[in-house]
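Commentary on secondary and tertiary structure
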Amino acid sequence: MSLKPETLAAADAIVAQYPQARSATLPLLHLVQEDRGHIAPEDEAWVAAKVGVTPMQVREVVTFYPMFRLAPVGRRHIRVCRTLSCALRGSYALMAELEKALGCARGETSADGNFTLEFVECIADCGCGPVVQVDHALHENVAPDQAAAFASRIRESLADPGYGKGEPRPGTPEWNG
Amino acid sequence: MPAQERPLIYANLRRPGYTVDIDCYLRHGGYEALRKAVATKPEDVCKEVETSGLRGRGGAGFPTGMKWKFLDRKSGKPAYLVVNADESEPGTYKDRQIIYKDPHQMLEGIAITAWAIQARQAFIYIRGEFQHGAKILRRAIEEAKARGFLGSNILGSGYSCEVVVHRGGGCYVCGEETGLIESLEGKRGYPRIKPPYFPAVLGLYNCPTIVNNAETLAQVRHVLAMGGAEFAKIGIPGDSGTHIWGVSGLVKRPGLYEIEAGKATFGELLYDLCGGPLDGRAFKAIIPGGSSTKILRFGERFKGKRPDGTEFDWALEDIPLDANSIAACGTGLGTGGTIVLDDSVEMIQALSNLNAFYAHETCGQCTPCREGSLWLSRVSRRIVGGGGREEDVPMLLDIANQVAGRTICAHGEAVAWPVQSAVPKFKDEYLESIRRRRRGETAGGPTLI
Ligand SMILES: Cc1cc2nc3c(=O)[nH]c(=O)nc-3n(C[C@H](O)[C@H](O)[C@H](O)COP(=O)(O)O)c2cc1C
Ligand code: SF4
Ligand code: FES
């Protein structure tokens, strides 16, 4: 599968923002990942050509940064903050509940391909813990005893054709994401 | 009188109905400070900032005016301004508010700073997870360019500066200024060794570069708006302006509290503003300025001499909230991200949680940091898992002692400090955890690892 025409068209303007093309490596990788959902070997080659390095130099970057991934994730990517402030507010208990409710172990993708559930490190919203990032939206104060309801909402969003398409409004999880 | 907030950075964004639109910012005096700045010689803008006594808000508290003075102006190479919006220190969530709710305040600070150091290109390095934040900033930059506050010929001065928003990839060490620069060059975020790679001399593309924290630049906007001497009157000598305390963890009202430097104590912050401990609990310890600062225990006494020679003898609750007082207690103000632990917490789990963070985030260049962070994480986790031995406690300290001061960047200190500070203060409790967990018993309280 190839990248969307918009993705291909956006690249040159991104590279042109920088005094040195190589600086565009991370932005181009984000662009690709937002299009395809992960970064494929052919994408690395494409980025490499755009910024003037070898594909291996792009791979080095991809494997250094936790946000980039070489394999697809589930239809909903659920990231629970694990770091101390959130943990004190119950992120480990929350994770255990979400594993049950989504039928998916931490660090894995559910068998039906719907959910990838992960622990991540601090996402800079420590006063509102536990925080959970679901794709582009950041949910605050997700208490462990609300895990089942929270999981149901994620499950319901699978059938929502407008998911992720709306314009974020201030104060919503999409705005905070 | 109970402790009070004095919003400066957060004054606008807390107003009901305040939005990120440029018109809203302009209605609240926006870009007036930039107008003043471009009518002033760049070196005089630098002087205002020096006079203000402003110290960086990224964690190290380095005087901003002095940093700008170090910029190498003789090389003939272009200078760059890099804004550190990576906000990656655990417990820290203050810059997010500025970016998501009042982006123009920061952009005005950027424009003023770029003028002061005569940079024609600025980059905002924003943590990758702030996806929408990056969009908000990009939109704000377009608005500011359309009104002549950024881009070419700023306010008719003939001076131009482009600002580019650059998203990171979820790496803590890319908040370290030289790791950030490598990352911005499109590489792995391996920090560079100083000397020779002081950013002000050999920074981005080996050109002179100023790296400042996002909030620092918002503060600069206020320095120019009120003048350096007026700004210096906020706070106390040696630490001017406001500090944003981001309290998290086990308190009644976690949140962001902006307080004039030195005008309240930890006790006032935690009891008056945050409402004290959760019902039925008692405070046990705080990590005052982000996860890398040294832990303080309730019940400790802090004794010493202040710079002016007067002696102090404080309980944790008495410590004034300014950089020098907190440093005098053996820790740091850091980012102001205060993590609060109460008596439900098993301290070895808290340590293990942080050890796991640093082991995950080490870039791996330096053996002491790479191996040390992993060992610390494994040993503390082994204790929690019931396989601990009494010798593990001195061993934790021994490992940490071999990391601090022996690495390329301060991530080494970040690895070591939590252990070096916590082991002496909670040794007995750790030993008790070792014995209890060997018997297969757990502790109650939140699971932290
Ligand atoms: C491991 C590590 C992570 C850091 N993360 C950040 C960060 O996320 N944001 C930040 O502003 N400074 C961070 N710093 C501090 C920067 O290196 C640098 O001191 C700061 O951006 C300078 O800005 P200031 O002078 O305005 O404070 C970090 C330092 C280290 C050692
Ligand atoms: S101290 Fe740690 S994070 Fe810093 S350069 Fe060395 S290995 Fe990397
Ligand atoms: S610790 Fe969870 S957001 Fe910072």
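Residues numbered from 1 in each chain as written. Chains lettered and ligands numbered in written order. Predicted model: local features only at pLDDT ≥ 70, side-chain atom pairs only at ≥ 80, totals over all residues. Heavy atoms only, no water.

1. Digging into the site of ligand 1
All names here are of chain B. Around ligand 1, the surrounding shell holds 18 residues, and the nearest of these are G58, K67, S88, N213 and T216. The separation between an oxygen atom of ligand 1 and a polar main-chain atom of E87 is 3.2 Å. Measuring from a nitrogen atom of ligand 1, one finds a backbone N or O atom of G175 at 3.2 Å. Protein contact buries 90% of the 610 Å² of open area that ligand 1 shows by itself. Among the elements that take part in the shell around ligand 1, strand 4 (residues 209-213) stands out by supplying three residues, more than any other. (Near = heavy atom within 4 Å. Polar contact = N/O pair within 3.5 Å; in protein donor to acceptor, adjacent residues only side chain to side chain. Areas by Shrake-Rupley, 256 points an atom, 1.4 Å probe, with all protein chains shown as cover. Helix = DSSP H or I, 4+ residues; strand = E, 2+ residues; numbered from the N terminus.)

2. Details of the sheet that holds strand 4 (residues 132-134) of chain A
All names here are of chain A. The strand order across the open sheet formed by five strands is 2-3-1-4-5, and the pairing between neighbours is mixed. Lying at the two open borders of the sheet, with one neighbouring strand each, are strand 2 (108-109) and strand 5 (137-139). Pairing of strand 4 with strand 5 involves three bridges; the strand directions are antiparallel. In the strand pairing of strand 5, Q133 is matched with L138. Here helix 6 (residues 91-102) sits on the sheet and contacts strand 1 (76-81), strand 3 (115-120) and strand 4; the angle it forms with strand 3, its principal contact strand, is near 170°. (Pairing = 2+ DSSP bridges. Contact = heavy atoms within 4.5 Å. Axes fitted to C-alpha atoms, helices over the stretch in contact; angles between N-to-C directions.)

3. Here's the deal with the domain arrangement of chain B
Residues and elements named next belong to chain B. Per the domain assignment, the segments making up chain B are domain 1 (22-233), domain 2 (236-342) and domain 3 (347-438). On a C-alpha basis, the centres of domain 2 and domain 3 stand 24 Å from each other. Tallying the contact residues gives 11 residues for domain 2 and 11 residues for domain 3. Of the roughly 1,000 Å² buried at the junction of domain 2 and domain 3 (both faces included), carbon and sulfur atoms supply 66%. In terms of surface lost to domain 3, no three residues of domain 2 exceed S292, K294 and I295, which account for 45% of the buried area on that side. (Domains from an automatic or database assignment. Buried area = accessible area lost by both parts, 1.4 Å probe.)

4. Topic: the packing of helix 13 (residues 347-361) of chain B against helix 14 (residues 367-384) of chain B
Residues and elements named next belong to chain B. It is the contact of helix 13 with helix 14, at a shortest axis distance of 8 Å, that shows an interaxial angle of 150°. Viewed along their axes, helix 13 and helix 14 adopt a mutual orientation that is roughly antiparallel. When the axes of helix 13 and helix 14 are compared, the crossing they make is left-handed. Each of I348, Q349, S352, N355, A356, Y358 and A359 in helix 13 lies in contact with helix 14, whose residues at this interface are S373, L374, L376, S377, S380, R381, I383 and V384. When its residues are assigned to classes, the contact of helix 13 with helix 14 shows eight nonpolar, six polar and one charged. (Parallel < 35°, antiparallel > 145°, perpendicular 65-115°, else oblique. Left-handed = near helix turned anticlockwise from the far one by under 90°. Nonpolar A, V, L, I, M, F, W, Y, C, P; charged D, E, K, R; others polar.)

5. Considerations on the site of ligand 2
Within the structure, ligand 2 sits among 13 residues, and C363, C366, C369, T407 and C409 of chain B are positioned closest to it. Among the residues making up the shell around ligand 2, the classes are represented as seven nonpolar, six polar and no charged.

6. With respect to the packing of aromatic side chains
What the rule picks out here adds up to 19 aromatic pairs over all chains. Here the aromatic rings of Y80 of chain B and F123 of chain B are separated by 6.3 Å at their centres, their planes lie at 45°, and the arrangement is tilted. Residue Y80 of chain B is found in strand 1 (residues 80-85), and its partner F123 of chain B is found in strand 2 (residues 121-126); the two are separated by 43 residues along the sequence. The same class applies to Y80 of chain B as to F123 of chain B, namely buried. An aromatic cluster is built from Y18 of chain A together with Y80, F123 and Y205 of chain B, whose rings are joined through pairwise contacts. Taking NZ or CZ as reference, R76 of chain A lies 3.5 Å from the ring centre of Y163 of chain A, over its face. (Phe/Tyr/Trp six-rings, centres within 6.5 Å; stacked < 30°, edge-to-face > 60°. Buried < 20%, exposed > 50% of the residue type's maximum accessible area, 1.4 Å probe, protein only. Lys NZ or Arg CZ within 6 Å of the ring centre and 35° of its normal.)

7. Quick notes on the nonpolar core
Residue and element names in this part refer to chain B. If you look at the biggest cluster of nonpolar residues, it comprises 70 residues, and the most contacted ones within it are M106, I110 and I124. Not counting residues up to four positions away in its chain, the partners in contact with I124 are V83, A85, M106, L107, I110, L137, I141, V163, V164, V165 and H166. L341, C366, V379 and V384 belong to the second-largest nonpolar core, a separate cluster that totals 43 residues. (Core = buried A, V, L, I, M, F, W, Y, C linked by side-chain atoms within 4.5 Å.)

8. Digging into a nonpolar patch on the surface
Residue and element names in this part refer to chain B. A cluster of nonpolar residues, F62, M66 and F70, forms a patch on the protein surface that exposes about 290 Å² of accessible area. Within the secondary structure, M66 sits in helix 4 (residues 64-69). The exposure class of M66 is partly exposed, given its relative accessible area of 38%. (Patch = residues over 30% accessible without salt bridge, like charges linked within 9 Å, V, L, I, M, F, W, Y side chains within 5 Å. Salt bridge = Lys/Arg side-chain N within 4 Å of Asp/Glu carboxyl O.)

9. So, the environment of M226 of chain B
Residues and elements named next belong to chain B. Following the sequence through the fold, M226 ends up in helix 9 (residues 214-226). The partly exposed category is assigned to M226, whose relative accessible area is 29%. In the structure, M226 is positioned 164 residues away from E390 in sequence and 58 Å away in space, judged by C-alpha atoms. With residues up to four places along the chain from it excluded, the contact list for M226 reads L8, K36, F231 and I234.

10. A word on the packing of helix 6 (residues 103-117) of chain B against helix 9 of chain B
All names here are of chain B. Two elements in contact, helix 6 and helix 9, have axes separated by 7 Å at closest approach and are oriented at 75°. When the axes of helix 6 and helix 9 are compared, the pair comes out roughly perpendicular. Here Q105, M106, E108, G109, I110, I112 and T113 of helix 6 lie close against helix 9, whose contacting residues are A214, L217, A218, V220, R221, H222 and L224. Tallied by class, residues from the contact of helix 6 with helix 9 come to eight nonpolar, four polar and two charged.

11. Concerning the environment of E361 of chain B
Topologically, E361 of chain B is positioned in helix 13. For E361 of chain B, a relative accessible area of 6% translates into the label buried. Separated by 12 residues in sequence, E361 of chain B and S373 of chain B have C-alpha atoms that sit 9.1 Å apart. Other than its neighbours up to four places away in sequence, E361 of chain B contacts E121 of chain A together with G170, C171, Y172, V173 and H411 of chain B. A distance of 2.8 Å separates the side chain of E361 of chain B from the side chain of H360 of chain B, its partner in a polar contact.

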